[in-house]
Amino acid sequence: MSTDVLIVDDDELIRVGLRAIIDAQPDLRVVGEAADGAEVPPLVARLRPRVVLMDVRMPAIDGIQATRLLLAASADPPRVLVVTTFENDEYVYEALRAGASGFLLKRARPAEVVAAVRAVAAGDSLLFPAAIRRLAGAYGSSGGDRLRAARLTEREAEVLRLMTTGLSNTEIAGQLVVGVETVKTHVGNVLAKLGVRDRTQAVIAAYESGFVVPTG
């Protein structure tokens, strides 16, 4: 079964390029395009893509607001992958805070685009720990007592700390010398207690609460 993708970008050349890359893969399929965030909710309702490649800077409704609208409109919204020219951009950080699962640079190689789409389609977050650390340091706001209110166990807090470094469940399991299924359970508990959708939002919450400090 193919993974359906919606491309949202006000630059036609970018849309054409992304479509060519994605449609060349046997397991991926572009089902639609949009030039502005205002077009996204009705297209998603009609086409039901699994992944939305979302530009952040668009004229009427930008990618941040479009992401918020998508997450609010459905119990099972598509995964949003932000596509951006500059990684150190407040728009990117706000899109991640709004619920995007990760971001991809427009200069990314075709293989990187394909891998990113497959990753978020599978339910994984596309984390670049160093980049998110820089973004949190530059644009993050105080999350107050969010972590304290979540009442994470000692092991859940340890798992969250390892998540902020970009480790996969398998890598975390190796670090803690436990089974992968045990780590999956802890990750699920962390997400539920923080009230977030995926690892990206959990990592942002960790930075903004002061649980980890965005240095470097």
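The present account deals with the structure reproduced in this document. (Residues numbered from 1 in each chain as written. Predicted model: local features only at pLDDT ≥ 70, side-chain atom pairs only at ≥ 80, totals over all residues. Heavy atoms only, no water.)

## So, the packing of helix H8 (residues 154–163) against helix H10 (residues 180–194)
The axes of two packed helices give the description: the angle between them and the distance between them. With their axes 9 Å apart at the nearest point, H8 and H10 run at an angle of 90 degrees to one another. The orientation of H8 with respect to H10, classified from their angle, is roughly perpendicular. Residues Arg155, Glu156, Val159, Leu160 and Met163 of H8 pack against His186, Val187, Asn189, Val190, Leu191, Lys193 and Leu194 of H10. Here the residues of the contact of H8 with H10 are counted per class, giving seven nonpolar, two polar and three charged. (Axes fitted to C-alpha atoms, helices over the stretch in contact; angles between N-to-C directions. Helix = DSSP H or I, 4+ residues; strand = E, 2+ residues; numbered from the N terminus. Parallel < 35°, antiparallel > 145°, perpendicular 65-115°, else oblique. Contact = heavy atoms within 4.5 Å. Nonpolar A, V, L, I, M, F, W, Y, C, P; charged D, E, K, R; others polar.)

## Details of the sheet that holds strand E1 (residues 3–8)
The strand order across the open sheet formed by five strands is E2-E1-E3-E4-E5, and the pairing between neighbours is parallel. The sheet is open, and its two borders are formed by strand E2 (28–34) and strand E5 (102–105), each paired with just one other strand. Going across the sheet, the axis of each strand differs from the next one's by a mean of 25 degrees, ignoring polarity. In terms of strand pairing, strand E3 (residues 51–55) meets strand E4 (residues 79–84) through five bridges, oriented parallel. Bridge pairing in E4 places Asp55 opposite Val83. (Pairing = 2+ DSSP bridges.)

## With respect to unusual backbone geometry
Even without a glycine there, the phi angle at Arg48 is positive, about 50 degrees. Residue placement: Arg48 occurs in the loop between helix H2 (40–47) and E3. Of note, the phi angle at Val177 is positive, near 55 degrees, even though the residue is not glycine. Inspection of the secondary structure assignment puts Val177 in the loop between helix H9 (169–176) and H10.

## Points about H9
Those residues of H9 that fall on the buried side of the exposure criterion are Asn169, Ile172, Ala173 and Leu176. An end-on view of H9 places all buried positions within 105 degrees of arc, on one side of the element. Across H9 from its buried face, at more than 90 degrees, point the exposed residues Thr170, Gly174 and Gln175. On its buried face, H9 is in contact with H8, H10 and helix H11 (199–208). Looking one or two places after H9, you find Val177, whose phi comes out positive at around 55 degrees. (Buried < 20%, exposed > 50% of the residue type's maximum accessible area, 1.4 Å probe, protein only. Arc of directions from axis to C-beta.)

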